[in-house]
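# Descriptive structure summary
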Amino acid sequence: MAVVFLVVGLFLGIFDAPQYWDSFIDKLTEKSGVPIFTVLKIHRPFFISQRFGLDIQGGTHLVYSADLSNISSPEYSNSMEALRDVIERRVNLFGVAEPVIQVERSGSEWRLIVELAGIKDVGSAIKLIGETPYLEFREERLEKEREEILNAQKNNERLSEDPYFMPASLTGRHISKATVDFDQTSFQPHVNLELTSEGAQIFGELTKRNVGRRVAIYLDGLPISAPVVQEEITDGRAVISGDFTPAAAKELVGRLNAGALPVPITLVAQQTVGASLGEESLERSVRAGLIGFVAVAVFMILWYRLPGILSVLALCFYIAILLAVFKLIPVTLTVAGIAGFILSVGMAVDANVLIFERLKEELRYGKSYDQAIREGFGRAWTSIRDSNVSSLITSAILYWLGTSVVQGFALTLSIGILVSMFSAILVTRTLLIALLFRKLERFRFLFLSGISR
């Protein structure tokens, strides 16, 4: 079993950093002159690259202001959450990995924060976010109300109001899917809309109270269709028709499927993080992690001797499996996330310290190595379990209540804690049991300091 862990750890290390393995194979091929070693090289496209956040990879930070003037105040929060979901879906379609999109409120102003890590074509991303249409349905005003607004506008009053239609509660966030279809008689293209369950209910009420009247569909503030409602529509399906060309209908469908904005937004701030600054942060974080790992390894070997060496091997296995988990989930590593990862390395060693100290106590009682190892692990387990559970609870609270930076720290720390329990209990124990043979018991100084026969 110990050999299995060592082999799996080797393959995990190659999976985590294939570039170093390829470099080793290149040097081996060059020095040996045997080209057959090149078949051992890793094909990069088959490996998953580690994702890094904005503070490491570089990218852009965008701040959008949301216009909620046409929405009632109780719906502000729901509308902003719908806006966040739409923007996230849209930038994912653009190919941005792990975007960070948050809703912020400052007094009466609502803002949307968009962080796009590793994005090169910032202009296209901004254009995609800003140009996605704001789709809304409007009800036809009564004739008396229409005349009042038109007369007021002649006197330069109420100029911002549409005299013919008034906003309804049905907007783009209620759209589930849009498709292109053709009329069977005229062969003119039109756009079919499928509404969500909530949208279907709102649309049913809208058509019920407007039978015989027009319901207009506005796109970016301009009417694109104003059909007369013939009857109540309850199945959640609508049709946008007009003088569409096939290309125009297809373009509209693509934009609607990318997500019609529930509220209009305006870009108010933009900040670009350079990749060079991110590389410097990553380099310093990796250097700090290596220094910490070496310091811990030296302490464990000097203080616990042979078990200390085994704990360092288990720690290497722990790091390899943790980085592989980060790739597979995948976890977007930020500087704060790397800090959580480094902290979890120290906590993984802490479990080994508890185990080895219990092992020393059992050896002082005169028990054999076999009994001491089994008793030491069994008695240390409760302390390891309780301390790690309390840390997991703290991480869960940080992830639940924290911002994106704090959430990255909490996520990597919690994953590290779970993996450390596996490596400390199973891997270290397996390696220790693998060394149990009688001849080695005579060299007690190789195991723990301060133990006499």
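Now for a quick tour of the structure. (Residues numbered from 1 in each chain as written. Predicted model: local features only at pLDDT ≥ 70, side-chain atom pairs only at ≥ 80, totals over all residues. Heavy atoms only, no water.)

### Remarks on the nonpolar core
- Counting residues in each nonpolar core, the largest one holds 40 residues, and the members touching the most others are Y318, L322, F326 and F356.
- Mapped by element, the contributors of at least two residues to this core are helix 1 (2-16), helix 9 (275-304), helix 10 (306-328), helix 11 (335-364), helix 12 (369-401) and helix 13 (404-434).
- Setting aside chain neighbours within four positions, we find L322 in contact with F341, S344, I415, G416 and V419.
- Counting residues in each nonpolar core, the second largest holds 23 residues, with V91, V114, V122 and Y134 among its members. (Core = buried A, V, L, I, M, F, W, Y, C linked by side-chain atoms within 4.5 Å. Buried < 20%, exposed > 50% of the residue type's maximum accessible area, 1.4 Å probe, protein only. Helix = DSSP H or I, 4+ residues; strand = E, 2+ residues; numbered from the N terminus. Contact = heavy atoms within 4.5 Å.)

### Comments concerning the pairing of strand 3 (residues 100-106)
- Judged from the seven bridges that link them, strand 3 and strand 4 (residues 109-117) form a sheet pairing that is antiparallel. Bridging across to strand 4, S106 finds its partner in E109.
- The hairpin turn running from strand 3 into strand 4, its antiparallel successor, is two residues long, and G107 in that turn takes a positive phi close to 65 degrees. (Pairing = 2+ DSSP bridges.)

### Some points on the packing of helix 10 against helix 11
- Between helix 10 and helix 11, the least distance of the axes is 10 Å, while the angle of their chain directions is 145 degrees. The handedness of the crossing between helix 10 and helix 11 is right-handed. Between helix 10, through P307, G308, S311, L315, Y318, I319, L322, L323 and F326, and helix 11, the contact on the second element is made entirely by F341, S344, V345, A348, V349, N352 and F356.
- In terms of residue class, the contact of helix 10 with helix 11 is made up of twelve nonpolar, four polar and no charged. (Axes fitted to C-alpha atoms, helices over the stretch in contact; angles between N-to-C directions. Left-handed = near helix turned anticlockwise from the far one by under 90°. Nonpolar A, V, L, I, M, F, W, Y, C, P; charged D, E, K, R; others polar.)

### Thoughts on the pairing of strand 7 (residues 175-182)
- Where strand 7 and strand 8 (residues 189-195) come together, seven bridges link them in antiparallel fashion. Its bridge partner being in strand 8, D181 is matched across the sheet by H190.
- Hairpin connection, strand 7 to strand 8: the antiparallel pair is bridged by six residues, and F187 has positive phi, about 60 degrees.

### Side note on the packing of aromatic side chains
- According to the stated counting rule, one finds six aromatic pairs in the structure shown.
- Ring geometry for F317 and F422: centres 6.4 Å apart, planes at 40 degrees, overall tilted. You can see F317 sitting in helix 10 and its partner F422 sitting in helix 13, a full 105 residues away along the chain.
- Its relative accessible area of 34% is what places F422 among the partly exposed residues.
- Ring geometry for F326 against F341: centres 6.1 Å apart, planes inclined by 75 degrees, an arrangement best described as edge-to-face. (Phe/Tyr/Trp six-rings, centres within 6.5 Å; stacked < 30°, edge-to-face > 60°.)

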